Every structure is written in structure tokens, then in C-alpha cells.
Amino acid sequence: DSAHEVAQAALKKHNGNRDKAIDEVIADHRKMAATSGFVTGLGGLFTMPVALPANVIGFYMLATRMSAAVARLRGYDIADPRIRSAVLLSLVGADSQDLLAKAGMVAPTGRLTALAAQRLPGPALMVVNKAVGFRILSTAGKKSFSRFGKSIPLVGGAVGAGLDGWLMKQLGDHVRTEFPPAQ
């Protein structure tokens, strides 16, 4: 389902309580990330050349959807290109302020949503989006090297589940603070 559909389903399930809906979206994505980490790590060294890229791509797809769903639940228009850039920036966590500074932009309040409020021109948004893409690729490379503990079949599944679940929880906590309720 799309981020919009995920947000709407969680909101409906919790009778309009946005905080409980956000908790559910983050918890559900954490479970999905842990399951994906378990499945892709299960084969160990034998399946790593195929499973690792699949795991990294799957993790970032889940993280993007979770971040966008939280933004939607907080009242942001996720169809707006500026909000989409803020969602992408949320995926790099604490590095987002560094990326903005390198692109010549600093969010005045320290929140990514301030970037969206700045009415940046299209070329500036492209610079930010490219920087996020490069940062995600470099992070994925570092993540790949940290997974060599997954080289043993079965043990790799447990390591993958634990690592991906923990990373998704950290990202969920970060996203929760980066998207305060819209005014």
C-alpha cells in the first residue's frame, strides 16, 4: 500500500487518534524490517551477494513509506515535492543537517519541515535530493560491510532481524521528531 493508504488505515483503526496511529505505523514497519532482515540473512554467505542488495533496497523502501506515512499523519501534504524532499532527508537521520549545509541551505529551526516551508526553487530541491541519494548509497555500503556477521546460515537471520528492527526503530524515533504536527 502507499504511504497515504497506510496512514489512513492506521488512523481509521485508532478512531482518529494520530499519535496511536503513528505508533502503529512505526511498529508495523519495524516488524516488516525485522522480518525482511531475517529472511535475507537466513542463507548466510551463500545467498549474501543477492540477499544483501535486496535487503538494503527493501529496508529503504519500507523506511521511506514509514516516514511519508508519519508525515501524512502529522498533517503534511506528501504530494508536495518539498515534503517529499523532507521525507528523503529524514532517511539519513542526523546527517540531514550536514547535507543541507553542504547544499548551502540550513533549516532555521533545525527541523526538516522548515526546509519545506522555505519555498525552495526546483534546482535547489534537486541538489538536496541528489545529496540524499548519494548519502543513502554510501550508508548502504557501510551497512553492507557491517553485515559480515551474517555470513553463517541461520545465525545471519537472527542478526539481520535484530539489526534491521533496531535501525527502523531509531529511524522511526527520528521521523517522529522531524515531523511535528502541521499548523
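Cut-offs used in this document
Residues numbered from 1 in each chain as written. Predicted model: local features only at pLDDT ≥ 70, side-chain atom pairs only at ≥ 80, totals over all residues. Heavy atoms only, no water. Helix = DSSP H or I, 4+ residues; strand = E, 2+ residues; numbered from the N terminus. Expected span 1.5 Å × (residues − 1). Buried < 20%, exposed > 50% of the residue type's maximum accessible area, 1.4 Å probe, protein only. Polar contact = N/O pair within 3.5 Å; in protein donor to acceptor, adjacent residues only side chain to side chain. pLDDT = per-residue confidence, 0-100. Patch = residues over 30% accessible without salt bridge, like charges linked within 9 Å, V, L, I, M, F, W, Y side chains within 5 Å. Areas by Shrake-Rupley, 256 points an atom, 1.4 Å probe, with all protein chains shown as cover. Salt bridge = Lys/Arg side-chain N within 4 Å of Asp/Glu carboxyl O.

The next subject is helix H2 (residues 18-41). An ideal rise of 1.5 Å per residue puts 34 Å on 24 residues; H2 measures up with 34 Å between its terminal C-alpha atoms. All buried positions along H2 are accounted for by Ala21, Ile22, Glu24, Val25, Ile26, His29, Ala33, Ala34, Gly37, Thr40 and Gly41. The backbone nitrogen of Asp19 lies 3.1 Å from a side-chain oxygen of the residue at the head of H2, namely Asn17.

Attention now moves to the confidence of the model for the protein chain. Put simply, the protein chain has an average pLDDT of 76, and 66% of its residues get 70 or more. Per-element confidence in the protein chain ranges from a low mean pLDDT of 53 for helix H5 (residues 96-102) to a high of 95 for helix H1 (residues 3-13).

The residue Thr40 is located in helix H2 in this model. Judged by relative accessible area, Thr40 falls into the buried class, the value being 17%. Polar side-chain contacts of Thr40 include one of 3.5 Å to the backbone oxygen of Gly37.

A word on the environment of Gly156. Here Gly156 lies in helix H8 (residues 155-178). Between the C-alpha atom of Gly156 and that of Gly43, which follows or precedes it by 113 residues, the distance is 7.2 Å.

What follows concerns a nonpolar patch on the surface. Residues Phe38, Val39, Leu42 and Leu154 make up a contiguous nonpolar surface patch of about 370 Å² in total accessible area. Structurally, Leu42 is set in the loop between H2 and helix H3 (48-73). Residue Leu42 is classed as partly exposed on the basis of its relative accessible area of 32%.

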